[in-house]
2 protein chains.
Amino acid sequence: MYQAGDRNDRILLARVPGGVPVPEDFAYDVTAIPTPGPGQFVSRTIYLSLEPHYRMFMRPGQTAPHGLCAGDVMPGETVAQVMQSRHSDYRRGDFVLTRNGWQQFALSSGQDARKLDPAIAPISTALGVLGLPGLCGYAGLLYLGQPKPGETVVVSAATGAVGSTVGQVARMVSARAVGIAGSDEKCGYAVNDLGYTACLSHRSPQFLAELRSACPEGIDVYFDNTGGEVLSSALEQLAIHARVVLCGMAAAYSRQSMPPGPPLLAVIRARATLLGILAEDYLPYLPELIKVVGGWIRSGRFRYREDISEGLASAPTAFCRLLRGENFGKALVRIAPEHL
Amino acid sequence: MYQAGDRNDRILLARVPGGVPVPEDFAYDVTAIPTPGPGQFVSRTIYLSLEPHYRMFMRPGQTAPHGLCAGDVMPGETVAQVMQSRHSDYRRGDFVLTRNGWQQFALSSGQDARKLDPAIAPISTALGVLGLPGLCGYAGLLYLGQPKPGETVVVSAATGAVGSTVGQVARMVSARAVGIAGSDEKCGYAVNDLGYTACLSHRSPQFLAELRSACPEGIDVYFDNTGGEVLSSALEQLAIHARVVLCGMAAAYSRQSMPPGPPLLAVIRARATLLGILAEDYLPYLPELIKVVGGWIRSGRFRYREDISEGLASAPTAFCRLLRGENFGKALVRIAPEHL
């Protein structure tokens, strides 16, 4: 049993990384578990979500609330359990989605927190396919991409939390899902477990030709999680009136200056629509996601994969792997066991 | 009075240009006026429209119908007058919109042709503000850009046929129109004659800062006719949920290989929508354009400017000027007088 004043381990940003982060950019730190004031609760972090776009906040001269400076606790979405509460809506033992960041315990005022029902699906999914990444994939595909039966939907980072949601939702609405991933192993999983019609490795020397032959009538919906060369290649294969959902730019996050983007003449040629999405805009659709995809998960029709690192101390290494694209599934850190 | 068999002067593509075309890339040629067969008519070209995107068809290894090879008559939209007709819908003396290309006379089967009513507006407008360029600006702004009163609409190539339509239609729907053009002279015309709130020269060393201060609440609708650096700068200033209409990429047409495009992270950040447009898709809206903008022209509320070169022989030089951005207004060549 933990108490206020006990040891709270956490990880700080030690310095602004130069390019792709290395573990030495982070520092281990120990403080005390805080005491909740009126209207607050303290929760114990169980799962920490690692998100590549946090790299963007680590830039020289950045400041709060959006920037990260040396000495700041690394931020991040977490699944946690309430340990002590002076908040009327939260009780000891409740599972909650919070933003504890890279630490074992944190205070919350309940703002931005959300109670989790472990009966719906494993609680870790609140950080992945039933959380913001799944929401981005689900709402981005259905409400922005608007695929029709028989259309070809292509998605990059096809086996991540966003990508695997896009691919499986595409299949559920009778579209053809074609994945793009970074290894043959991921591609095998995409086809065999997630039900993609085909999955291509963007590292293949024949990638462009393979993409063309996997999409003989062009790409009707392209869901981009990477940016860079993969995005440029996909734009060249767009069908007339294609929709392109821009969700993430992992290829750009570690760059010192913004790299140029894809040539856009192909967008005019295809009379295509490009749509930028931030998952937070779609929070009103979260109940729909939880109902629809949660149901598919319970019936076994929807699969997902998690890449779980064990222990808070593993977070820096796991984050660096993520930014090198070496994770396989939603990147999580298990900070504490689900059941004490 | 002309007759079949009389001299028909025309201009051919002599060779595929290396970069920005030079007059030596074209050759003068003389043939005979053709004789109409059943269902055909012969027309005399009055105005020839010069369009920068034709440069894209001039590439090594291109073939018909989309490519242009050495020896081909240069194509182009024209306003012409029927001289001799065996087509039941067209009579001698009718003014018509045709695709005669760079020549004095041409045959037509009536396909893609359209009769013009000189009472609506000067016939040359069928190649500009009441033709495909105007349609692109009108429908692209209203149906894709969807500006609301008080929103800021920014348009590049602000004094061309497309741009001047966008700017004036934006004003008519009570949006703030901010133009971007290539010289102080064009900017003065944009503000004083076309009613733009402000117009900035993209050649100014302070262009970015000027754009920011002309759009203090960001850009709600950006209508792009140029691509390149101007597009990148505009994307950085987008307001949340901005719409970007991609209409032309003049900056790219003369390049040997496709240059990279703008960084797209700004599109995600703004949750913006980018929409590629081809005017031809909006031909069903042409009667609306002619009714609405034609009415504004007759009432003096809508202005436009034409940059007219005299005589067929001036077409190569005028086309090269156009691709260097040196035209001021819709680029036309007067091949023959309107009234014989």
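Note that this is a predicted model, so its numbers are computed, not measured. Residue positions are given per chain, counted from 1 along the sequence in the order it is written. For this description, chains carry letters from A and ligands carry numbers from 1, given in the order in which they are written. Given that this is a predicted model, residues contribute local features only at a pLDDT of at least 70 and side-chain atom pairs are listed and counted only at 80 or more, while totals for whole chains, interfaces and linings are drawn from all residues. Based on all heavy atoms of the structure, the side-chain values leave hydrogens and waters out of the count.

Visitor: Break down the overall build of chain A for me, with residues and values.
Guide: To qualify as a helix, a DSSP run of H or I must reach at least 4 residues; to qualify as a strand, a run of E must reach at least 2; elements of each kind are numbered from the N terminus. Along the backbone of chain A there are 9 helices and 15 strands. Along the longest, intermediate and shortest principal axes, the C-alpha atoms of chain A span 65 × 45 × 30 Å. Under the scheme applied here, a residue whose accessible area is under 20% of the maximum for its type counts as buried, over 50% as exposed, and between as partly exposed, the area being computed with a 1.4 Å probe on protein chains only. Within the span of chain A, comprising 340 residues, buried residues form 57% of the whole. In what follows, residue pairs with any heavy atoms lying within 4.5 Å of each other are defined as contacts. Taking all contacts inside chain A whose residues are at least 6 apart in sequence as the whole, residues at least 24 apart take part in 68%. About 13,700 Å² of surface is accessible on chain A, with carbon and sulfur atoms providing 51% of the total. Measuring between centres, the 31 positive side-chain charges of chain A sit 2 Å from its 30 negative side-chain charges. The protein chains shown are the only cover counted for residues, whose accessible areas, like all others here, come from Shrake-Rupley with a 1.4 Å probe. Think of it this way: Lys and Arg go in the positive column, Asp and Glu in the negative one, and His and the chain ends go nowhere. Every charge is mapped to an atom, namely NZ of Lys, CZ of Arg, CG of Asp or CD of Glu.

Visitor: Describe helix α2 (residues 161-172) of chain B, with residues and values.
Guide: Residue and element names in this part refer to chain B. End to end, α2 covers 17 Å across 12 residues, agreeing with the expected 16 Å (1.5 Å per residue, within 8%). Listed as buried for α2 are Ala161, Val162, Gly163, Ser164, Thr165, Val166, Gly167, Gln168, Val169 and Ala170. Structurally, α2 contributes buried residues whose contacts are with α1 (132-145), β8 (152-156), β9 (176-181), β11 (219-224), α8 (286-298) and β15 (330-334). Under the convention used throughout, the expected extent of a helix is 1.5 Å for every residue step, that is, one less than its residue count.

Visitor: With reference to specific residues and values, describe the sheet that holds β8(B).
Guide: Should DSSP find at least two bridges between two strands, the strands are regarded as paired. Read across the sheet, 12 strands follow the order β10(A)-β9(A)-β8(A)-β11(A)-β12(A)-β13(A)-β13(B)-β12(B)-β11(B)-β8(B)-β9(B)-β10(B) without closing on themselves; strand pairing throughout is mixed. Either end of the sheet is taken by a strand with one partner, and the two such strands are β10 (198-201) of chain A together with β10 (198-201) of chain B. Between one strand axis and the next, the sheet turns by 15 degrees as a mean value, whatever way the strands run. With 4 bridges joining them, strand β12 (residues 238-246) of chain A and strand β13 (residues 273-276) of chain A adopt parallel strand pairing. Bridge pairing links A:Arg243 to A:Thr273 in β13(A). As a rule, the C-alpha atoms of each element are fitted with a line to give its axis, helices using only the stretch in contact, and angles between N-to-C directions run from 0 to 180 degrees. Helix-sheet contacts for α2(B) involve β8, β9 and β11 of chain B, and the interaxial angle to β8(B) is about 170 degrees.

Visitor: With reference to specific residues and values, describe the interface of chain B and chain A.
Guide: If you look at the interface, chain B gives 28 residues, while chain A gives 28 residues. Here's the idea: put two parts together, see how much 1.4 Å probe accessible area each one loses, and the total over both is what we call buried area. Surface buried jointly by chain B and chain A totals about 2,300 Å² across both partners, of which 73% is contributed by carbon and sulfur atoms. When the buried area of chain B at its contact with chain A is split by residue, B:Leu264, B:Leu265 and B:Ile268 rank highest and sum to 26% of it. Note on definitions: salt bridges are taken to be side-chain nitrogens of Lys or Arg within 4 Å of carboxyl oxygens of Asp or Glu. For the pair chain B and chain A, the number of links is 2 salt bridges.

Visitor: An account of the pairing of strand β1 (residues 7-13) of chain A is needed here, citing residue identities and associated values.
Guide: Residue and element names in this part refer to chain A. Counting buried residues in β1 gives 5 out of 7 residues, a clear majority hidden from the surface. Where β1 lies against strand β2 (residues 26-32), 7 bridges are found, and the strand directions are antiparallel. Residue pairing in the sheet places aspartate 9 in a bridge with valine 30 of β2.

Visitor: Describe the relation of the copies chain B and chain A, with residues and values.
Guide: The relation between the two chain copies is a rotation about an axis coupled with a shift along that axis. In this comparison the copies share one frame, found by least squares on the C-alpha atoms of residues holding pLDDT of at least 70 in both. With an RMSD of 0.0 Å, the fit of chain B onto chain A corresponds to turning through 180 degrees and sliding 0.0 Å along the axis. With respect to symmetry, the two chain copies, as superposed, fit the operation of a two-fold axis. Most of the interface of chain B is mirrored in chain A, where 100% of its interface residues are also at the interface.

Visitor: Just give me the short version of the packing of helix α4 (residues 207-214) of chain A against helix α5 (residues 228-235) of chain A, but keep the residues and values in it.
Guide: Residues and elements named next belong to chain A. Where α4 meets α5, the closest approach of the two axes is 10 Å, and the angle between their N-to-C directions is 40 degrees. When the interaxial angle is binned, α4 and α5 end up oblique. Here α4 and α5 pass one another in a crossing that is right-handed. On α5, the residues that touch Phe207, Leu208 and Leu211 of α4 are Val230, Ser233 and Ala234. As a working rule, the residues Ala, Val, Leu, Ile, Met, Phe, Trp, Tyr, Cys and Pro are called nonpolar, Asp, Glu, Lys and Arg charged, and the rest polar, with Gly in that last group. Each residue belonging to the contact of α4 with α5 can be placed in one class, and the counts come to 5 nonpolar, 1 polar and no charged. To sort the angles, those under 35 degrees are grouped as roughly parallel, those over 145 as roughly antiparallel, those from 65 to 115 as roughly perpendicular, and the leftovers as oblique. Less than a right angle of anticlockwise turn of the near helix away from the far helix marks a crossing as left-handed, whereas a clockwise turn marks it as right-handed.

Visitor: A description of the pattern of salt bridges should follow, citing residues and the corresponding values.
Guide: In the structure shown here, the tally under the stated rule is 22 salt bridges over all chains. A salt bridge links A:Glu310 to A:Arg334, with the shortest nitrogen-to-oxygen separation between them at 2.9 Å. Taken together, the positions of A:Glu310 in strand β14 (residues 306-310) and A:Arg334 in strand β15 (residues 330-334) put the pair 24 residues apart, joining distant regions of the chain. Notably, a salt bridge pairs B:Arg15 with B:Asp25, separated by 2.5 Å at the nearest N-O pair. Of this pair, B:Arg15 sits in the loop between β1 (7-13) and β2 (26-32) while B:Asp25 sits in the loop between β1 and β2, and the two are 10 residues apart along the sequence. The exposure class assigned to B:Arg15 is partly exposed, which follows from its relative accessible area of 41%.

Visitor: Outline the pairing of strand β12 (residues 238-246) of chain B, listing residues and values.
Guide: All names here are of chain B. With respect to burial, β12 is a largely interior element, 7 of its 9 residues being buried. Examined bridge by bridge, β11 and β12 share 5 bridges and lie parallel to one another. Paired with valine 221 across the two strands is arginine 243, which belongs to β12. Orient the strands so they point away from the viewer; a crossover is then right-handed if the path from the first strand over the helix to the second runs clockwise. For the crossover from β11 across helix α5 (residues 228-235) to β12, the handedness is right-handed.

Visitor: I'd love a proper account of the packing of aromatic side chains, names of residues and values included.
Guide: Geometry of aromatic contacts follows a simple scheme: Phe, Tyr and Trp rings, the Trp one being its six-membered ring, pair when their centres are within 6.5 Å, and the pair is stacked under 30 degrees between planes, edge-to-face over 60, tilted otherwise. As enumerated under the stated definition, the model contains 18 aromatic pairs over all chains in all. On the numbers, 5.5 Å between centres and 85 degrees between planes, the contact of B:Tyr54 with B:Phe57 is edge-to-face. B:Tyr54 gets classed as buried once you look at its relative accessible area, which sits at 9%. Within the aromatic cluster, the residues linked to one another by ring pairs are A:Phe26, A:Trp102 and A:Phe319. Placement of a charge over a ring requires the Lys NZ or Arg CZ to be within 6 Å of the ring centre, with the centre-to-atom vector within 35 degrees of the ring normal. It is A:Arg305 that lies over the ring of A:Phe328; its NZ or CZ is 3.6 Å from the centre. Positioned above the aromatic ring of B:Tyr90 is the side chain of B:Lys115, whose terminal nitrogen or guanidinium carbon lies 5.5 Å from the ring centre.

Visitor: So what about the nonpolar core? Which residues, and what values?
Guide: Side-chain atoms within 4.5 Å link the members of a nonpolar core, which is a set of buried Ala, Val, Leu, Ile, Met, Phe, Trp, Tyr and Cys residues. Ranked by internal contacts, the top residues of the largest apolar core, which has 58 residues, are A:Tyr222 and B:Tyr222. What A:Tyr222 contacts, discounting residues up to four positions off in sequence, is A:Val154, A:Ser156, A:Ile180, A:Val230, A:Leu231, A:Ala234, A:Leu238, A:Arg243, A:Val244 and A:Val245.

Visitor: Can you tell me about the packing of helix α1 (residues 132-145) of chain A against helix α2 (residues 161-172) of chain A, naming the residues and giving the values?
Guide: Working note: a packed helix pair is described by the angle between its axes plus the distance between those axes. Residue and element names in this part refer to chain A. The contact between α1 and α2 brings their axes to 7 Å, and the two run at 40 degrees. Taken together, the axes of α1 and α2 lie oblique to each other. The element α1 and its partner α2 pack so that their crossing is right-handed. Two secondary-structure elements touch here, α1 through Pro133, Gly134, Gly137, Tyr138, Leu141 and Leu142 and α2 through Ala161, Val162, Thr165, Val166, Val169 and Ala170. A class-by-class count of the residues in the contact of α1 with α2 yields 9 nonpolar, 3 polar and no charged.

Visitor: Which residues make up α4(A), and what are the values?
Guide: All names here are of chain A. Looking only at α4, the buried set comprises Phe207, Leu211 and Ala214. One side of α4 carries all its buried residues, which in axial view fall inside an arc of 70 degrees. Structurally, α4 contributes buried residues whose contacts are with β8 (152-156), β9 (176-181), β10, β11 (219-224) and α5. As used here, the arc belongs to the directions running from the helix axis to the C-beta atoms.

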